[in-house]
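# Structural overview for review
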Amino acid sequence: MKYADLHVHTFYSDSTFSPEEVVACAKEKGLSAIAICDHDSVSGVDPCMEIGSALGVEIIPGIELTVEKVDAEIHLLGYFMDYKVEWFGKKLKEIQLGRINRIHKMVEKLNAANVRIDADDVFKLAGKGSVGRLHLAQALLKAGSIRTIREAFDKYIGFLKPCYVPNIRFTPHEAIDTILKVGGVPVLAHPNIMGKDEYLPELVECGLRGIEVYHTDHRSAAIKHYEELAKEYDLLLTGGSDCHGLGKGKILLGGVMVPYTLVEKLREESDRIKRDYR
Ligand code: AMP
Ligand code: FE
Ligand code: FE
Ligand code: ZN
């Protein structure tokens, strides 16, 4: 049997892993394919593909976009997009600039709350990748302002916590439409973390094609629940580890995998979208 991990980050967003480390790790775990799904970036795709073709690991172009509702943070994955389309690159650039502004705002809020942190330290950690809250949490840890990454989110920068600042607002329709227009398959990431099933019908209405039923943070009750919802809404069932290198304390890659046949289904769905949607 061949297997795939369909949710992997690189240091082009908030993983500590380089493309070399990601692909070598996938190879070591015996995976046939991995999808590179960085936050608001596709910069890791080509470097991973180059190494993947040398090591015999298939790289699926992917992305993870964030959509916010007043009471929910929704993460959407896209698979098999034509990721080199120019307007798509421009759109991602805009979101990245929003991310930079947002870090400055969160740092201001933290400082106003007497939490010591310097924005430059956050940007240094992010390097050339999409800067985000995991970098901010890591910088807070380094500065000694918190004891664990979790504490940073629970006390300060978790969704709707006192020092949380949203990025540019994006509607579900805009995000899903963006993925569809570049021929990608839109999939709802880790629905159990979002915890708001009531948004599923709207997402499906916008063109959602799959749901990430299998995920590092999904226990068996959640898996069963989302398997049923996937059936009800006629969605593809996807899965991935959401590996952030050592960014989440331990290496998760390959901890969640799906049969390779699902990769073929996603590719077929993307072919249909490329044919019908545009
Ligand atoms: P951002 O894209 O800047 O909004 O940050 C999202 C990143 O923060 C993702 O990698 C999430 O997995 C991570 N994240 C969000 N909430 C938590 C949490 N409570 N604990 C650890 N990581 C979190
Ligand atoms: Fe992340
Ligand atoms: Fe996510
Ligand atoms: Zn992710």
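Look up: the structure comes first, before these words.
The following paragraphs examine the structure supplied in this document. From a predicted model like this one, the values you see are computed outputs, not experimental measurements. (Residues numbered from 1 in each chain as written. Chains lettered and ligands numbered in written order. Predicted model: local features only at pLDDT ≥ 70, side-chain atom pairs only at ≥ 80, totals over all residues. Heavy atoms only, no water.)

## Thoughts on the coordination of the zinc ion (ligand 4)
The criterion, for reference: Metal donors were taken as nitrogen, oxygen and sulfur atoms no farther than 2.8 Å from the ion, or 3.2 Å where the ion is Na, K or Ca. Water is excluded, so coordination may look unfinished. Working definition: helices are DSSP H or I runs of at least four residues, strands are E runs of at least two. Numbering for both runs from the N terminus. Only protein chains enter the accessibility calculation, which uses a 1.4 Å probe; a residue whose area is less than 20% of its type maximum is buried, one above 50% is exposed, and one in between is partly exposed.
Protein coordination at the zinc ion (ligand 4) comes from His7 (NE2), His9 (NE2), Glu64 (OE) and Asp242 (OD), with a distance range of 2.0 to 2.2 Å. Donor residues for the zinc ion (ligand 4) sit on one chain with the sequence pattern H-x1-H-x54-E-x177-D. A separation of 4.5 Å is found between the zinc ion (ligand 4) and the iron ion (ligand 2). Of the two residues, His9 sits in the loop between β1 (3–8) and α1 (19–28) while Asp242 sits in the loop between β7 (236–240) and β8 (258–259), which places them 233 residues apart along the sequence. Taking relative accessible area as the criterion, His9 reaches 0% and is therefore assigned buried.

## Digging into the coordination of the iron ion (ligand 3)
Within the protein, Glu64 (OE), His75 (ND1) and His190 (NE2) serve as the donor atoms for the iron ion (ligand 3), at 2.0 to 2.3 Å. As a motif over one chain, the donors of the iron ion (ligand 3) read E-x10-H-x114-H. Separating the iron ion (ligand 3) from the iron ion (ligand 2) is a gap of 5.7 Å. Residue His75 is found in strand β4 (residues 72–79), and its partner His190 is found in the loop between β5 (185–188) and α8 (191–194); the two are separated by 115 residues along the sequence. Neither His75 nor His190 differs from the other in exposure class; each is buried.

## Here's the deal with the pattern of salt bridges
Heads up, the rule is: Should a side-chain nitrogen of Lys or Arg be within 4 Å of a carboxyl oxygen of Asp or Glu, the pair is scored as a salt bridge.
In the structure shown here, the tally under the stated rule is 18 salt bridges. Between Asp40 and Arg99 there is a salt bridge; the shortest N-O distance is 2.7 Å. Taken together, the residues Asp40 in the loop between β2 (33–36) and α2 (45–55) and Arg99 in helix α3 (residues 86–112) connect sequence positions 59 residues apart. When sorted by exposure, Asp40 lands in the same class as Arg99, which is buried. Put simply, Glu68 and Arg169 hold a salt bridge, and the shortest N to O gap is 3.2 Å. With a gap of 101 residues between them, Glu68 in strand β3 (residues 58–69) and Arg169 in the loop between α6 (149–157) and α7 (172–181) connect regions that are remote in the sequence. Of the residues examined, Glu68 reaches a relative accessible area of 13% and is grouped as buried. Residue class for Arg169 comes out exposed when judged on its relative accessible area of 53%.

## A look at the sheet that holds strand β6 (residues 210–215)
Spelled out, the test is: Pairs of strands are assigned from DSSP output, requiring at least two bridges between the strands.
One open sheet holds the eight strands; their spatial order is β7-β6-β5-β4-β3-β2-β1-β8, and the pairing between them is mixed. The strands lining the two open edges of the sheet, one partner per strand, are β7 and β8. Examined bridge by bridge, β1 and β2 share three bridges and lie parallel to one another. If you follow Asp5 over to β2, its bridge partner there is Ile34.

## Considerations on the packing of helix α4 (residues 119–126) against helix α5 (residues 133–142)
The condition is simple: The axes used here are C-alpha line fits, helices contributing only the stretch in contact, and every angle between their N-to-C directions lies in the interval 0 to 180 degrees. Geometric relationships in this document are graded by angle, where less than 35 degrees denotes roughly parallel, more than 145 denotes roughly antiparallel, 65 to 115 denotes roughly perpendicular, and other angles denote oblique. In this scheme, a crossing is called left-handed if the near helix is turned counterclockwise away from the far one by less than a right angle; it is called right-handed if the turn is clockwise. Only heavy atoms matter for contacts: two residues are in contact if any of them lie within 4.5 Å across the pair. All residues other than Ala, Val, Leu, Ile, Met, Phe, Trp, Tyr, Cys, Pro, Asp, Glu, Lys and Arg, Gly among them, are scored as polar; the first ten of these are nonpolar and the last four charged.
Contact pair α4 / α5: the axes reach a minimum separation of 9 Å and the direction vectors enclose 120°. Here α5 runs oblique to α4, going by the angle between their axes. Like other packed secondary-structure pairs, α4 and α5 cross with a definite hand, here right-handed. Here α4 contributes Asp121, Val122, Leu125 and Ala126 to the contact with α5, which in turn contributes His135, Leu136, Gln138, Ala139 and Lys142. Residues belonging to the contact of α4 with α5 are distributed by class as follows: five nonpolar, two polar and two charged.

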